[in-house]
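Here is what each chain is made of, one letter per residue.
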Amino acid sequence: MSAASVLLINPPIRLNSPPTSVPVGLASIAAVLRRAGHRVDVLDANGLRLSFEQVRGRLGERRYDLVAAGGLITTYKYLKGLFGAVREAQSGALRVIGGGVCVDPRVVLANIDADVCVLGEGEHTMGELAAACRDRRDFRSIAGLAWRGEGGVELSPPRAVESDLDRFPMPAYDLFPTELYHRTVLYSGQANEARLITSRGCPWRCTFCWHIFGPGMRFRGIEAVMEEVRYFRRREGAASLLFADENFTARPSRVLEFCEAMCRNGFHRIPWMCSGRADTLDRRVLRQMRRAGCYRIAFGVESGCQRLLDAMNKRIGVEQMAETFRLCRECNIIPGGTLIFGVPGEDEASVAETVRFCRANRLATGLFFATPFPGTELYNDPPVQRRILARYGTKDRFFEALGDVVDFTVNLTDWGDEEMLRIKRRAEAAIKHQPPLTMASIAWASVRSRGLRRTARWYAQWLRQRLARPAGRNGTPPDG
Ligand code: B12
Ligand code: SF4
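We now turn to the structure provided with this report.

Reading guide: rules and limits
- Residues numbered from 1 in each chain as written.
- Chains lettered and ligands numbered in written order.
- Predicted model: local features only at pLDDT ≥ 70, side-chain atom pairs only at ≥ 80, totals over all residues.
- Pairing = 2+ DSSP bridges.
- Helix = DSSP H or I, 4+ residues; strand = E, 2+ residues; numbered from the N terminus.
- Axes fitted to C-alpha atoms, helices over the stretch in contact; angles between N-to-C directions.
- Buried ≥ 20, exposed ≤ 12 C-beta atoms within 10 Å, placed from the backbone.
- Parallel < 35°, antiparallel > 145°, perpendicular 65-115°, else oblique.
- Left-handed = near helix turned anticlockwise from the far one by under 90°.
- Contact = placed C-beta atoms within 7 Å.
- Nonpolar A, V, L, I, M, F, W, Y, C, P; charged D, E, K, R; others polar.
- Core = buried A, V, L, I, M, F, W, Y, C linked by C-beta atoms within 7 Å.
- Domains from an automatic or database assignment.
- Near = placed C-beta within 6 Å.
- Expected span 1.5 Å × (residues − 1).
- Arc of directions from axis to C-beta.

### Comments concerning the sheet that holds strand E8 (residues 193–196)
At step 1: Across the sheet, six strands lie side by side as E8-E11-E12-E13-E14-E15; this open sheet has parallel pairing. Across the chains shown, the open sheet's two edge strands, defined by having one partner strand only, are E8 and strand E15 (367–369). Between one strand axis and the next, the sheet turns through 25° on average, direction left out of account.
At step 2: Inspection of the sheet shows strand E13 (residues 294–302) paired to strand E14 (residues 334–341) by six bridges, in the parallel sense. Bridge assignment links Gly 300 to a residue of E14, and that residue is Thr 338.

Structure follows, in structure tokens:
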């Protein structure tokens, strides 16, 4: 056999709303497999909004050597059902599960009918697994795997992450219905919003945030990123870009290099947004970002209470965030932010401080419930573990409950559930309905940018967002 035939399945996320993000990790794995000569098919249940029965119906269409599915931990429950269906339809195939859902392979292998878990970065491991399938070799010597052994779950040596991300080809976007994702416009108000990832990891260690790639951060080369922008621009006519890196601004010198390349390639005319950390940005960097087309930066604000920021190991000052917000506006960039509500230690005083911070900095956003995602420091905290087990009994039931995480999963505060919900609603009402700009700042921004039209567009865009999107309700924002 010269090549393995592989089916990659992308499980659905929140089927009741349009799909937002091409699974870049799965697309990257697909590209690596294809480059190695394997035959790769993709069943994108998320992009195509397929029901479980529709997916089941398609599973037996042709025979595969390897069927892999996975993604966020929130797909855990779905994958339980899916792997049962894969076993029925593809009895000869190796069933592989990977991505964030494999954060605890013991729980996964005890409850999901997969043969093997791919732990961490998937490209090399999947490449070697596919080759082993093709050659009918045992997979157990391949690094980065977990499987059921005789004495319980066994692990191969850990897989080191790839130090040079440019060794991976561009994700195989052509195998995914990218146009269905990109027509879901989140922020830009433009008809086609392409989403890209230019780095992996984040050097900070906030307690609620999870790092599948371990510590440290790796960056793709700027030229490879430009190549991808070009691809979306030419192939799909991308009208705006969203850089979904965990922390796009982590290295300011690279941001400057990126901005320079955007201008050099003429891409500064495409409006783009990114994630950011307030302490990585100053006026000089923000000006260059604006020049290169940046219209919005999403900050992980989390709280307006310094005590809670410290408890979350956010390593940032409330004042610093306020100052960066001010600088963003001065540079004609919208500072967006997400908040986490209900971390351990949240009380009436911290909520009041957060509301004050939002009003003072004209941040109109929803509150996400603090969710102890498996693998995070928050999750591993013994009192949090006790609360999870008291509520759910087993990790399996807790993982299932993470589902679409629109409501809270565990109450980490000292309030009762009802009271917590009431306080959250009250805080949201106090934060909402405040324009991010006063008339004075509109006028000032217009003078600075010498473009009243641009500012009006900016304001109209904010209004559109407010009307289109309900306040966020839950979870840990993928921010910076
Ligand atoms: C884009 C994004 C999304 C997209 C969807 C992304 C997707 N389908 O993969 C959207 C906007 C929908 C989303 C939503 C949420 N997200 Co999110 N998101 C991200 C973000 C910013 C980028 C993901 C990405 O493309 N990474 C780059 C690629 C290369 O990495 P990767 O996806 O991890 O893939 C690699 C490996 O994981 C593995 N792999 C991945 N899939 C598979 C599949 C198989 C079969 C195999 C073998 C391997 C494999 O191999 C890949 C290549 O190395 C990450 C942060 C980040 N930068 O990683 C957070 C992140 C993944 N999200 C996270 C969270 C918490 C959420 C939410 C729960 C937030 C919320 N409360 O609303 C929701 C969940 C919604 C839901 N109902 O399921 C957490 C992960 C939690 C977890 N343990 O899974 C992250 C890591 C943020 C963080 N630092 O805490 N998210
Ligand atoms: S919350 Fe943001 S800054 Fe903190 S670790 Fe996660 S990505 Fe990094």
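### Some remarks on the environment of Asp 282
At step 1: Its place among the elements puts Asp 282 in the loop between strand E12 (272–276) and helix H9 (283–291).
At step 2: Since 12 C-beta atoms lie within 10 Å of it, Asp 282 is described here as exposed.
At step 3: Between the alpha carbons of Asp 282 and Pro 252 there is a distance of 9.0 Å; along the sequence they are 30 residues apart.

### Notes on the packing of helix H12 (residues 348–360) against helix H16 (residues 417–431)
At step 1: Two numbers describe how H12 lies on H16: the axes approach to 9 Å, and their chain directions differ by 20°. Between H12 and H16, the angle is such that the two are roughly parallel. Handedness of the H12/H16 crossing: right-handed. From H12, Val 351, Thr 354, Val 355 and Cys 358 reach across to H16, where they touch Ile 423, Ala 427, Ala 430 and Ile 431.
At step 2: By residue class, the composition of the contact of H12 with H16 is seven nonpolar, one polar and no charged.

### A look at the nonpolar core
At step 1: If you look at the biggest cluster of nonpolar residues, it comprises 129 residues, and the most contacted ones within it are Val 6, Leu 66, Ile 97 and Cys 117.
At step 2: Ranked by the residues each element gives to this core, the list is headed by helix H1 (residues 24–35), at seven residues.
At step 3: Viewed by domain, this core spans two of them, domain 1 (5–151) and domain 2 (185–372 + 432–475), each represented by three or more residues.
At step 4: Those residues within four positions of Ile 97 in sequence are excluded, and the remaining contacts are Ala 69, Gly 70, Leu 79, Phe 83, Cys 102, Val 108, Ile 112, Ala 114 and Cys 117.

### Here we look at the site of ligand 2
At step 1: Among the 11 residues in the neighbourhood of ligand 2, the closest are listed as Cys 202, Trp 204, Cys 206, Cys 209 and Glu 246.
At step 2: In the shell around ligand 2, the residues fall into four nonpolar, three polar and four charged.

### Here's the deal with the environment of Ala 244
At step 1: Tracing the backbone through its elements, the reader meets Ala 244 in the loop between strand E11 (240–243) and helix H8 (252–264).
At step 2: In this structure Ala 244 comes out as partly exposed when scored by C-beta crowding, with 19 C-beta atoms within 10 Å.
At step 3: Put simply, Ala 244 and Ala 298 are 54 residues apart on the chain and 9.7 Å apart in space, counted from C-alpha to C-alpha.

### Focus on the environment of Val 24
At step 1: Within the secondary structure, Val 24 sits in helix H1.
At step 2: Judged by the 16 C-beta atoms lying within 10 Å of it, Val 24 falls in the partly exposed class.
At step 3: Spatially, the C-alpha atoms of Val 24 and Arg 195 are 9.1 Å apart, while their sequence positions differ by 171 residues.
At step 4: Those residues in contact with Val 24, other than ones at most four positions away along the chain, are Pro 171 and Ile 197.

### Considering helix H3 (residues 76–89)
At step 1: The terminal C-alpha atoms of H3 lie 20 Å apart, and with 14 residues this matches the ideal 20 Å at 1.5 Å per residue to within 8%.
At step 2: Within H3, the full set of buried residues consists of Tyr 76, Lys 77, Tyr 78, Leu 79, Leu 82, Phe 83 and Val 86.
At step 3: Along its buried surface, H3 packs onto strand E1 (5–10), helix H2 (52–59), strand E3 (66–70), strand E4 (94–98) and helix H15 (395–402).

### Description of the sheet that holds strand E6 (residues 145–149)
At step 1: Read from one edge to the other, the open sheet built from seven strands follows the order E2-E1-E3-E4-E5-E6-E7, with strand pairing classed as mixed. The sheet terminates laterally at strand E2 (39–44) and strand E7 (152–155), the two strands that pair on one side only. Neighbour-to-neighbour, the strand axes of the sheet open up by a mean angle of 25°, direction not taken into account.
At step 2: Direction of pairing for E4 relative to strand E5 (residues 116–118): parallel, over a ladder of three bridges. By the bridge assignment for E5, Ile 97 is matched with Cys 117.
At step 3: Sheet strands in contact with H1 are E1 and E2, and its direction is about 170° off that of E1.
At step 4: Sitting on the sheet, H3 touches E1, E3 and E4, and the angle it makes with E4 is about 165°.

### Thoughts on unusual backbone geometry
At step 1: Of note, Arg 136 is a non-glycine position whose phi angle comes to about 55°, a positive value.
At step 2: In this fold, Arg 136 is placed in the loop between helix H5 (123–134) and E6.
At step 3: At Glu 302, a residue that is not glycine, the phi angle is positive and equals roughly 70°.
At step 4: Within the secondary structure, Glu 302 sits in strand E13.

### Considerations on H8
At step 1: For H8, with 13 residues, the first-to-last C-alpha span of 18 Å sits near the 18 Å given by 1.5 Å per residue.
At step 2: Taken residue by residue, H8 has Val 255, Phe 258, Cys 259 and Met 262 as its buried positions. Along the axis of H8, the buried positions cluster into a sector of 100°, meaning they face one direction only. Away from its buried face, by an angle of more than 90 degrees, H8 presents the exposed residues Ser 253 and Arg 264.
At step 3: Among the structural elements, helix H7 (222–236) and H9 are those in contact with the buried residues of H8.

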